[in-house]
Amino acid sequence: MSSPSLTLPSPAPAAARKRRLLEILGAVAIAGTYIYLVLNQPADITGGPGSASALIALSGFLAGAILLIVAVLPTLPASTVVLIPVALVLNIVLGQFVGSTLVPFYLDAIGTVLIAVLAGPAAGAATGALSSIVWSFFNPTVLPFAAGAALIGCLAGLAARHGMFRRFYLAPVAGFLTGIIGGVVSAPVAAFVFGGTSGVATGAIVSAFRSMGDTLLAAITKQALISDPMDKAIVFTVVAILVYALPGRARLQFPFIRRYRVLAGQAPKQGC
Amino acid sequence: MRLHPLTSLAAAGSTAVVTTAAASWPLSVAVMGAALAVSVRVGTARRLLPAAAVVLLPLGLSLLMVHGLFFPEGRTVLGQWGPARVTMEGLAFAFERAAQLGAVVLALLVFSFSVSVPDLVAALSARGVHGRFAFVLASTLTLLPAIAARVERIRQAQESRGLVIRPGLLHRAAAFRLQAVPLVLSLIEDAGTRTAALESRGFSNPGPRTSYREVPDSGRQRVLRAVLAVSAGAAVAARLWLSRAGG
């Protein structure tokens, strides 16, 4: 597959440093926005227009996601960049279908997690963020979740690197944990930008918590803690099934899989 | 004259930002009406309306259910069944949010359904956006129908081999696997071939690219874009300042 060019000079260390800086800035933007929203818990979600916090959530998360894309995308090998559109299409085709049905799941991250397992956390994060941005061409409501999707991709890649896909029963566990983190990060977006959820089934769960007197942010966070871990556990399991069903030739073409021995039953062989 | 794709993007984006910042339902409803009028005028209404309905109907229903039935902060009770309390404030909040989101969604969809993707990609690369982003965008939008067609072919092939989807979770999962594995495998194979083709054409080489696609632009549109960007920024600043001043 693609290898570093033998004839062209490798990128200068200054460029690498700039990318690293952008990566850090992106992560700081996302984390800072989240901390601001949770600490300030603007009382204005239900008590007023609430658009100041919506704007902060939107701009902070979106800027962070874009910085991450700018930092990561140029560093990925061409074989990964070519796979990203494929992952995006898988996300959109499966997510668009499930999102509008009466199941409180989303299943909109199968492509992102697949890339993360095949090509690593950086590729997963870029795919997650890009997926939200490109998908917003058909469904603008997914745009604010770009940062959450990037986080899911990054965590899935880290799980794969640390061998969570080597044992089949560990994949859903990793998905469950990823879902907890992803859900907690995405909940303020749903609360501040949408004032609710974008699906009927998830809305029913939020209503249940609201009827017990929870604030909107608390109700949506609890809903996310119910839906997201289950959702990501299913997604990780589906991806594990898919990856193990691929023939060795297809999966071993990815350096990340060979280098970190992501999957069980394959000793790192030389020259494949 | 055709609008430059970045001009329409700026128009849609700043409309979305200003509507969110203003958070007043008359403006939101007006923007929704304007967006629909533009899409009828451009001739994309037939494709846009179903796409918008798919997004907005579940969203609206969900908001109505969450806030219409349960709104602990509500004072004016219109009706009550057990734990569910329909309050004036809840309905008003749901309506306000639905109108605001509807305006944003319609404004952005009018842009994405009327923009010519090759023009947008050319304009983005001319502005120094990395070629890879343009590749991902264009490639996804063109792959989508092709992959949807492939899903259909794989389903037909598996059905001709005797795949019958029976009720039950396990059967459904097995059927999903029978269709998903060939799909993902063929997509990864294709991507490998495409990588080789792109690499041999210098896809990952650094340096400037020559574009053979000229997107007409004018000084007036450049000014318009700047005005739109400034007004979006001003709306955000005003909203933040007001919310701070108001407590």
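Residues numbered from 1 in each chain as written. Chains lettered and ligands numbered in written order. Predicted model: local features only at pLDDT ≥ 70, side-chain atom pairs only at ≥ 80, totals over all residues.

Q: Looking at this structure, how should I read the overall build of chain A?
A: A tally of regular secondary structure across chain A gives 12 helices and 0 strands. The order of α-helices and β-strands along chain A, N terminus first, is α-α-α-α-α-α-α-α-α-α-α-α. Out of the 272 residues belonging to chain A, those deemed buried represent 58%. Pairs at least 24 apart in sequence give 71% of the contacts found in chain A among residues at least 6 apart. (Helix = DSSP H or I, 4+ residues; strand = E, 2+ residues; numbered from the N terminus. Buried ≥ 20, exposed ≤ 12 C-beta atoms within 10 Å, placed from the backbone. Contact = placed C-beta atoms within 7 Å.)

Q: Mind showing me how you'd approach the overall build of chain B here?
A: A tally of regular secondary structure across chain B gives 8 helices and 2 strands. Starting at the N terminus and walking to the C terminus, you meet the elements of chain B as α-α-α-β-β-α-α-α-α-α. Relative to the 2.2 N^0.38 estimate, which gives 18 Å for 247 residues, the radius of gyration of chain B is 24 Å and therefore markedly larger than a compact globule would have. The dimensions of chain B, computed from C-alpha atoms along their principal axes, are 65 × 60 × 35 Å. When burial is assessed residue by residue, chain B has 33% of its 247 residues classed as buried. For chain B, contacts bridging at least 24 residues in sequence account for 70% of all contacts bridging at least 6. (Rg over C-alpha atoms; globule rule 2.2 N^0.38 Å.)

Q: Quick question: what am I supposed to make of the interface of chain B and chain A here?
A: A common measure of how large an interface is: the accessible area buried when the components associate. Each side of the interface is counted separately: chain B has 62 residues, and chain A has 55 residues. Taken together, the elements giving at least two residues each to the side of chain B that touches chain A come down to α1 (5–22), α3 (45–69), α4 (88–114), α6 (131–160), α7 (169–200) and α8 (219–245) of chain B. Top element by residues in the side of chain B that touches chain A is α7 of chain B. It accounts for 14 residues.

Q: Looking at this model, I keep getting lost on the nonpolar core. Mind explaining?
A: Generally speaking, nonpolar side chains in soluble globular proteins are found buried as a group. If you look at the biggest cluster of nonpolar residues, it comprises 152 residues, and the most contacted ones within it are Val-117, Ala-126, Ala-129, Ala-146 and Val-239 of chain A. Counting contributing residues per domain, this core is built from domain 1 (1–115) and domain 2 (117–217) of chain B, each supplying no fewer than three. Setting aside residues up to four positions removed in sequence, Ala-146 of chain A forms contacts with Phe-61, Leu-62, Ala-65, Ala-129, Ser-132 and Ile-133 of chain A. (Core = buried A, V, L, I, M, F, W, Y, C linked by C-beta atoms within 7 Å. Domains from an automatic or database assignment.)

Q: Explain the environment of Ala-196 of chain B to me, please; I cannot follow it from the model alone.
A: Structurally, Ala-196 of chain B is set in helix α7. As a C-alpha pair, Ala-196 of chain B and Ser-14 of chain B span 182 residues in sequence and 40 Å in three-dimensional space.

Q: Help me understand helix α9 (residues 200–211) of chain A, please; the structure alone is not making it clear to me.
A: Spanning 12 residues, α9 of chain A covers 16 Å between terminal C-alpha atoms, matching the ideal 16 Å at 1.5 Å per step. Within α9 of chain A, the full set of buried residues consists of Val-200, Thr-202, Gly-203, Ile-205, Val-206, Ser-207, Phe-209 and Arg-210 of chain A. Those residues of α9 of chain A that are buried lie in contact with α10 (216–245) of chain A together with α3 of chain B. At the C-terminal side of α9 of chain A, Gly-213 of chain A shows a positive phi close to 95 degrees. (Expected span 1.5 Å × (residues − 1).)

Q: It is not clear to me how helix α1 (residues 13–40) of chain A should be interpreted in this structure. Could you clarify?
A: Residues three or four positions apart in an α-helix share a direction because the helix packs 3.6 residues into each turn. With 28 residues, α1 of chain A extends 40 Å between its outermost C-alpha atoms, agreeing within 8% with the 40 Å of an ideal straight helix rising 1.5 Å per residue. Within the sequence span of α1 of chain A, burial applies to Gly-26, Ala-29, Ile-30, Thr-33, Tyr-34 and Leu-37 of chain A.

Q: Teacher, can you tell me more about the domain arrangement of chain B here?
A: All names here are of chain B. According to the domain assignment, chain B consists of domain 1 (1–115) and domain 2 (117–217). Put simply, the middle of domain 1 and the middle of domain 2, counted by C-alpha atoms, are 31 Å apart. On the side of domain 2, 7 residues touch domain 1, which itself brings 5 residues to the contact. Across the side of domain 1 that touches domain 2, the residue classes tally to 3 nonpolar, 1 polar and 1 charged. (Nonpolar A, V, L, I, M, F, W, Y, C, P; charged D, E, K, R; others polar.)

Q: Hey, could you run me through unusual backbone geometry in this one?
A: Backbone geometry follows two general trends: most residues other than glycine have a negative phi, and most peptide bonds adopt the trans configuration. Phi at Arg-261 of chain A is positive, roughly 45 degrees, even though this residue is not glycine. Secondary-structure assignment places Arg-261 of chain A in the segment after α12 (255–260). In this structure, Ala-23 of chain B is a non-glycine residue whose phi angle is positive, near 50 degrees. Along the chain, Ala-23 of chain B turns up in the loop between α1 and α2 (25–42).

Q: Is there a simple way to explain the packing of α1 of chain B against α4 of chain B in this structure?
A: The description of two packed helices rests on the angle between their axes and on the distance between the axes. Residue and element names in this part refer to chain B. For the pair α1 and α4, interaxial distance at closest approach is 9 Å and the crossing angle is 175 degrees. One finds that α1 runs roughly antiparallel with respect to α4. Between α1, through Ser-8, Leu-9, Ala-12, Thr-15, Ala-16, Thr-19 and Thr-20, and α4, the contact on the second element is made entirely by Gln-100, Ala-103, Val-104, Ala-107, Leu-108, Val-110, Phe-111 and Ser-114. In terms of residue class, the contact of α1 with α4 is built from 9 nonpolar, 6 polar and no charged. (Axes fitted to C-alpha atoms, helices over the stretch in contact; angles between N-to-C directions. Parallel < 35°, antiparallel > 145°, perpendicular 65-115°, else oblique.)

Q: Please explain the packing of helix α8 (residues 170–194) of chain A against α10 of chain A as it appears in this structure.
A: Residue and element names in this part refer to chain A. Two numbers describe how α8 lies on α10: the axes approach to 6 Å, and their chain directions differ by 145 degrees. Judged by the sense of rotation from one axis to the other, the crossing of α8 with α10 is right-handed. Residues that form the contact of α8 with α10 fall into these classes: 20 nonpolar, 9 polar and 3 charged. (Left-handed = near helix turned anticlockwise from the far one by under 90°.)

Q: In this structure, what is going on with the confidence of the model for chain B? I would like to understand it.
A: The predicted coordinates ought not to be read in detail in places where the model reports low pLDDT. All names here are of chain B. Per-chain confidence: chain B averages 85 in pLDDT, with 98% of residues scoring 70 or above. When the elements of chain B are averaged for pLDDT, strand β1 (residues 77–81) gives the smallest value, 74, and α2 the largest, 92. Two numbers describe this predicted complex: its pTM, 0.87, and its ipTM, 0.85. (pLDDT = per-residue confidence, 0-100.)

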